[in-house]
Every structure is written in C-alpha cells, then in structure tokens.
Amino acid sequence: MGRISDGIATVPGVGRTRAEALARLGITTVRDLLYHFPRTYQNRGNILPLLGCPDGTVGAFSLTVASAPKNIRISGGRCLTKFAAYDDSASASIVFFNQPYVRDIFRVGTTFRFWGRLSYSGGRAELASPSFEPELPGVSLPALVPVYPLTSGVSNKLLSGLIRSLLRSGCIREQDDVIPPQVRHSMGLPELSPAMRMLHAPESFEEASAALRRFTFERMFIFAVCAGLSKQSLDGRRHYPITQTDLSPFYSLLPFEPTGAQRRAIDDIQSDMCGGEDSPPMSRILTGDVGSGKTAVAAAAVYIAAQSCVQTAFMAPTEILAEQHYRELAPLLGEVGIRVGLITGSTPKKRRAETEEELISGRLDAVIGTHALLSDDVAFHRLGLVITDEQHR
C-alpha cells in the first residue's frame, strides 16, 4: 500500500509510456490521479429498449449476441467487424471499425450492456463502435460511469481502472485530508476516502453531487488558508526595491499590439512591484481565458524586475508547460538582454548544475521550471519575483 504522494510510476499497470502519457494531463503523482475528476457521468443504469428509440439516441442497451461476429476487409485496408444482437423488443447490428479482436469477445448467446449512439441504416437499427460490458450472473454493473478528460494514449477505461485500483488499495490515509475534522463535521462533508469513492464510483447522482460539494469546499478552504498565510508572511518581509521603468522597449518585442486590458494589468502589476520598501510585497492573481495573453503579462513582470537587477522564478505544473513557456519567453526576452534558464526533472545533470551556478551568481535574470525549482540546491542571487502557473497545486 503506497501513499498518495508517491510518483505515478509506482501505480501497478503504469509503465514509462503510460506515465509519459499521463503527464500530458498533469498527472505525475498518485494524488494527481485521484484528483483528476470526471467531467460528466454516463447513466448506463437506465437501460433503453431498441424499439421506439429515435435516430441519434445515446444511451445504454442490454443486448444478447444473435450471430457470430465476422471480420470484413473494406477499402483502405480497414477492418469492419459486424454481428447482430437483440433485446425483448427488437434487434440491431453492432459494428466495430479496425478492432478485429472483438470477434473473439462476442459469443452467440452472451449478453452485454452496450453504450453508444443508435442510428438507422436502411430501416435497421445500428450501434457503431459502442462501449460494452459483459453481463455476468451475480455481478452488478455500475449504473453511473465517470467520463474523464483524456489525451492521446490515455483512455477512459484506463483511467477508471487505475483510479478504482487505487481506491481499493487503501492508499488514502486520514492525515491526507486537508479539511480539519471539526470543519468537515460542521459543514456536513464526507471524509476524503469515501468522498473519492463517491466521486469516481458513485452509486447515484446524489452521491456524486455530495462528493463534488466536498471537493469544491476543499479548494476554497485551501485557497483561504494559503491566502491568509501568504499575506501574514509577506506583510512582514523585506523585499528588493524595484523602480518604475519605461515599458516601450518591452512592447516593441511583442508580435502583436497589447490590448487595453493587458496594458492595464501590466500597469497595475508595475505599480505593486514598485511600491517602495514600506509597502508589502505584491500578491496578485491574474485571471483570463485561454489565449487572453496572460503569459505576455507575466513576461512584462519579468522585464520590470530585470531592469532593477531582480531575478524571477516562473513555476509551471508540468514539464511540457515549463518547456513551452521557456521556448516562448527565452528568445523574446533575450532580444533585450534578459537571460532565461530552464530547470525541470528531465534537465541533464551537467546542464542543471550550470543553470544553478548562473542563478546564484546573478548571470541569469529568470528561471522557468517545474516543482524542481523548490529543490534545496536551487538558490538565487536576488530573487524578487515569483510567478506560479494557475494550474499548479
């Protein structure tokens, strides 16, 4: 039995290839996997009869295999597997594309619960590439099936299987619950372990709703606590003085004309950064839709800090995002002499040592990285600005 702080590669069934695919979803630890919440649920417990369902109906159908599946070669070297199945009301054709192995799964007389979109071809009902589960005596199938955000190489079935395995393993301990018992009881919230089960394997929509309420509160609770601690800590800290600077050279670097909202955000940030030694250090959240230009605003903050010889640490949640920020910002800021480095878990040992030496000597103005930036061996000459990606936990 592991811990939720363990790396994702420690989970049975996760090898290097799967770990790399999961990392694209921001999943690098057991905790990340458990907190990868469903985006919706399929109500497969509501079994629909074939007869009377209109074209385009999406739902669950309990069907018995009526004919032996056949693999048929079609144009382009593709394979079509087709067979007939029925319920008490009608029959339908089941079709799979480029999945010849399913021919050995569906035997005549066996019953499966299918989930898919029902269509009609020549007046005959058809399910194309549906999800399926065998209906076995004494085995009850879950009524609600979670649907997760996915990426290439990561299927819903894989995620669901890994998460259910973790829930059975008992890896969630009482001390992993960040909500104090007295707060949890006063709010009527479930404990962490049962809440995870209710979210990933709910027996009803009511359970899923109760779990979601708990995790919504958890997020707000963590934010409130961190905001309070941050303000308490920052208000009493000394910080490097940063002076107002002309932003015209920075704006000339951008391949687009900044919007009014971007300019206002940058002006507000510069005002906070240059408030003087008697003012508390800046503590600001920048929000905006994807593609709204938040990275450009962050780059402006790096530029402002560098003009006063103050270094920046820019932390992203995944190596992919860190490398993306580095590829965008290093050449952009390099045009005005601002040197940017990169430190992630995959940075070669020699290159990392060189970057660390450049940071502590002050030859680097900024560094972009993952949680690797929190290592004890990463030190700075004059660190005065920290930017944290909004996704970072």
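In what follows, the accompanying structure is described. (Residues numbered from 1 in each chain as written. Predicted model: local features only at pLDDT ≥ 70, side-chain atom pairs only at ≥ 80, totals over all residues. Heavy atoms only, no water.)

1. A closer look at the packing of aromatic side chains
Then step 1. Counted according to the given criterion, the structure contains 14 aromatic pairs.
Then step 2. Each ring, one from Phe-37 and one from Phe-215, has its centre 4.9 Å from the other, and the planes form 50 degrees; the classification is tilted. A residue pair is termed long-range when its members are at least 10 positions apart, and Phe-37 in the loop between α2 (30–34) and β1 (40–43) and Phe-215 in helix α6 (residues 205–235) qualify at 178 residues.
Then step 3. Grouping aromatic residues by their ring pairs yields a cluster made of Phe-83, Phe-96, Phe-106, Phe-112, Phe-114 and Phe-132.
Then step 4. Its end group placed over the ring of Phe-215, Arg-214 keeps NZ or CZ at 5.2 Å from the ring centre.
Then step 5. Of note, Arg-263 hangs over the ring of Tyr-251, and the distance from its end group to the ring centre comes to 4.2 Å. (Phe/Tyr/Trp six-rings, centres within 6.5 Å; stacked < 30°, edge-to-face > 60°. Helix = DSSP H or I, 4+ residues; strand = E, 2+ residues; numbered from the N terminus. Lys NZ or Arg CZ within 6 Å of the ring centre and 35° of its normal.)

2. A short note on the packing of helix α8 (residues 260–273) against helix α9 (residues 294–307)
Then step 1. At a minimum axis separation of 10 Å, α8 and α9 run at an interaxial angle of 35 degrees. For the element pair α8 and α9, the recorded crossing hand is right-handed. Facing Gln-262, Ala-265, Ile-266, Ile-269, Gln-270 and Met-273 of α8, the residues of α9 in contact are Ala-296, Val-297, Ala-300, Ala-301, Ile-304 and Ala-305.
Then step 2. Per-class residue counts for the contact of α8 with α9 are 10 nonpolar, two polar and no charged. (Axes fitted to C-alpha atoms, helices over the stretch in contact; angles between N-to-C directions. Left-handed = near helix turned anticlockwise from the far one by under 90°. Contact = heavy atoms within 4.5 Å. Nonpolar A, V, L, I, M, F, W, Y, C, P; charged D, E, K, R; others polar.)

3. Topic: the nonpolar core
Most often, soluble globular proteins keep nonpolar side chains buried together rather than apart.
Then step 1. Counting residues in hydrophobic clusters, the biggest one holds 37 residues, and the most contacted among them are Phe-250, Ile-266, Met-273, Leu-333, Ile-338, Val-340 and Ile-368.
Then step 2. For this core, the elements supplying multiple residues, two or more each, are α7 (248–253), α8, α9, α10 (319–334), β11 (340–343), β12 (366–369) and β13 (383–388).
Then step 3. Among the elements that take part in this core, α9 stands out by supplying 10 residues, more than any other.
Then step 4. Leu-162, Ile-172, Leu-199 and Phe-215 belong to the second-largest nonpolar core, a separate cluster that totals 30 residues. (Core = buried A, V, L, I, M, F, W, Y, C linked by side-chain atoms within 4.5 Å. Buried < 20%, exposed > 50% of the residue type's maximum accessible area, 1.4 Å probe, protein only.)

4. Side note on the pattern of salt bridges
Then step 1. Here the structure, examined in full by the defined rule, presents 14 salt bridges.
Then step 2. Residue Arg-44 is joined to Glu-133 by a salt bridge in which the shortest nitrogen-to-oxygen separation is 3.2 Å. Placement of Arg-44 in the loop between β1 and β2 (58–65) and of Glu-133 in strand β8 (residues 131–134) is noted, with a sequence separation of 89 residues between them.
Then step 3. For Arg-44, a relative accessible area of 8% gives the class buried.
Then step 4. The salt bridge involving Arg-339 is made with Glu-358; its shortest N-O contact spans 3.0 Å. Of this pair, Arg-339 sits in the loop between α10 and β11 while Glu-358 sits in helix α11 (residues 349–361), placing them 19 residues apart in sequence.
Then step 5. Judged by relative accessible area, which is 39%, Arg-339 ranks as partly exposed. (Salt bridge = Lys/Arg side-chain N within 4 Å of Asp/Glu carboxyl O.)

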